[in-house]
Amino acid sequence: MGPLELQMEPLEKIPDLINEGEIHLNSSSPAANATRKVYASGTERSHFNSLAEVTKSCDLKWVHSRMLMSTYLVLIKAKINVLLPFGPLAIMLHYLTGKHGWVFFFSLLGIIPLAERLGYATEQLAFYTGPTVGGLLNATFGNATEMIISIYALKNGMIRVVQQSLLGSILSNMLLVLGCAFFTGGIVHYKKDQVFNKAAAVVNSGLLLMAVMGLMFPAVLHFTRSEIQYGKSELSLSRFSSCVMLVAYASYLVFQLKSRHNAYSPIDEEEGQIEEDSDEEEASEITYWEAICWLSILTAWVSVLSGYLVDAIQGASESMNMSVAFISVILLPIVGNAAEHASAIMFAMKDKLDITLGVAIGSSTQISMFVIPFCVVIGWIFGKPMDLNFQLFETATLFITVLVVAFMLQEGTANYFKGLMLILCYLIVAASFFVHIDPTTSND
């Protein structure tokens, strides 16, 4: 079709012909200029308005399709999402029956997929923020469940539940999560020892020992009765030590992200680059703002369920004949660490142990050096006597656990036997807390 034939076509058909590709206009051709002049006139602007409306409707359809796609990816695609209905069911049981055992059990089941989906949304957000900030976001939102549960328990004056749940989260990350990751990674790569960077492991081990020191001195002061003012000096010492630990953790973040960025690169950097080039590049499944929106929604839903979970702890302890210590140290952290558990095992199977250590040991470091001191400061603000005196049994358990893990990491290698040893150590810890009675509760 030439320029002469274009003049014979009705003006209403020209946009359709252009869209269908039957008319090809050069931007500098006389026909193109004539067409622009004709459609710039007031009589034919309605055609451009109709095109704008079509474009707008296409944008709305695209937004609608993206919403459906992201909803499918976050709430439907993963198999663990079959547990999502247990959350609303727990709320219904709370108001209809008041049976705390069932409310606690269904709340636990409902929080498990939410914790895992928080890890997924954080991983998607890390595609846009980069690996360094993404690792920090992964550790932060991975511990969001524990922080929310702790704040709710702290508001209700359940200080021992806060202390024991945070302690249990550290023990679970260091023994169960890291042990399962080493075990599965060692089974998949049984022909060799997996290697990781010792620099980050040594720094994290040092921070964990510092956290043990911060928890040990208030407990020793309390049980040796060597305080100036019994019951008050340990609280003052805990608040001072918490501020020091927060400063130490902030310094650690600066050290990790800026000062010694190259020290945390993989050991075999050249081999790592070759593997990255050979592997297919992973792409994000949801957009930047979709990840932020889903993080907000999931965090809000975790907050709601955490309130019902905390309210049902005491009743569940009585109905299930389990101590509150066992529920707080063993059951709650396993649920809260669902995201770390899954991601650590996945990275270990891919022979990416540096990321596995960042998830497991990094999460333990963040809880011990940031979340626990943060809860002490929040309790200070709320007027709650939250301190670092975790009692003698819990403090000794944490101290021995840090020593065991530090010895396991000092060689810079991992295999299935080390993973099995860590898992068996966690079983001993779990059995110990199953027969343990909180001395504060027994005295009351």
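Where an unreviewed UniProt entry is consulted, the chain appears under the name Vacuolar cation/proton exchanger, with the organism given as Acorus calamus. What the UniProt record of the chain gives under Sequence similarities (unreviewed entry) is the line "Belongs to the Ca(2+):cation antiporter (CaCA) (TC 2.A.19) family. Cation/proton exchanger (CAX) subfamily." What UniProt records for the chain under Function (unreviewed entry) is the sentence "Vacuolar cation/proton exchanger (CAX). Translocates Ca(2+) and other metal ions into vacuoles using the proton gradient formed by H(+)-ATPase and H(+)-pyrophosphatase."

Turning our attention to the packing of helix α5 (residues 86–96) against helix α13 (residues 288–311). Interhelical geometry of α5 versus α13 gives an angle of 35° and a closest axis separation of 10 Å. Judged by the sense of rotation from one axis to the other, the crossing of α5 with α13 is left-handed. Residues G87, P88, I91, H94 and Y95 of α5 pack against W301, V304, L305 and Y308 of α13. Per-class residue counts for the contact of α5 with α13 are seven nonpolar, two polar and no charged.

All told, the structure shown has four salt bridges when counted by the stated rule. Its salt-bridge partner being K77, residue E285 comes within 3.8 Å of it at the nearest N-O pair. Linking E285 in the loop between α12 (269–278) and α13 with K77 in the loop between α4 (45–76) and α5, this pair joins segments that are 208 residues apart in sequence. The class of E285 is partly exposed, set by a relative accessible area of 34%. Overall, K77 belongs to the partly exposed group, its relative accessible area being 45%. Between K418 and E411 there is a salt bridge; the shortest N-O distance is 3.4 Å. A relative accessible area of 10% places K418 in the buried class. Given the relative accessible area of 55%, E411 is considered exposed.

Structurally, T122 is set in helix α6 (residues 100–129). Considering only alpha carbons, one finds T122 and I292, 170 residues apart in sequence, at a separation of 8.5 Å.

Next up on the list: helix α18 (residues 392–409). Taking 1.5 Å per residue as the helical rise, α18 with its 18 residues ought to reach 26 Å, and the 26 Å between its terminal C-alpha atoms agrees with that figure. Taken together, the buried positions of α18 are occupied by E394, T395, T397, L398, T401, V402, V405, M408 and L409. What you see down the axis of α18 is that its buried residues fit within an arc of 155°, all on one side. What points out from α18, more than 90 degrees from its buried face, is the exposed set L392, I400 and F407. For α18, the secondary structure elements touched by its buried residues are α9 (159–188), α10 (198–224), α17 (353–382), β2 (413–414) and α19 (416–434).

Here we take up unusual backbone geometry. Even without a glycine there, the phi angle at N321 is positive, about 55°. Within the secondary structure, N321 is located in the loop between α14 (313–320) and α15 (324–336). Residue class for N321 comes out exposed when judged on its relative accessible area of 69%. A positive phi angle is found at D351, which is not glycine, with a value near 65°.

About the criteria used
Residues numbered from 1 in each chain as written. Predicted model: local features only at pLDDT ≥ 70, side-chain atom pairs only at ≥ 80, totals over all residues. Heavy atoms only, no water. UniProt positions renumbered as here; feature names shortened; annotations may be inferred. Axes fitted to C-alpha atoms, helices over the stretch in contact; angles between N-to-C directions. Helix = DSSP H or I, 4+ residues; strand = E, 2+ residues; numbered from the N terminus. Left-handed = near helix turned anticlockwise from the far one by under 90°. Contact = heavy atoms within 4.5 Å. Nonpolar A, V, L, I, M, F, W, Y, C, P; charged D, E, K, R; others polar. Salt bridge = Lys/Arg side-chain N within 4 Å of Asp/Glu carboxyl O. Buried < 20%, exposed > 50% of the residue type's maximum accessible area, 1.4 Å probe, protein only. Expected span 1.5 Å × (residues − 1). Arc of directions from axis to C-beta.

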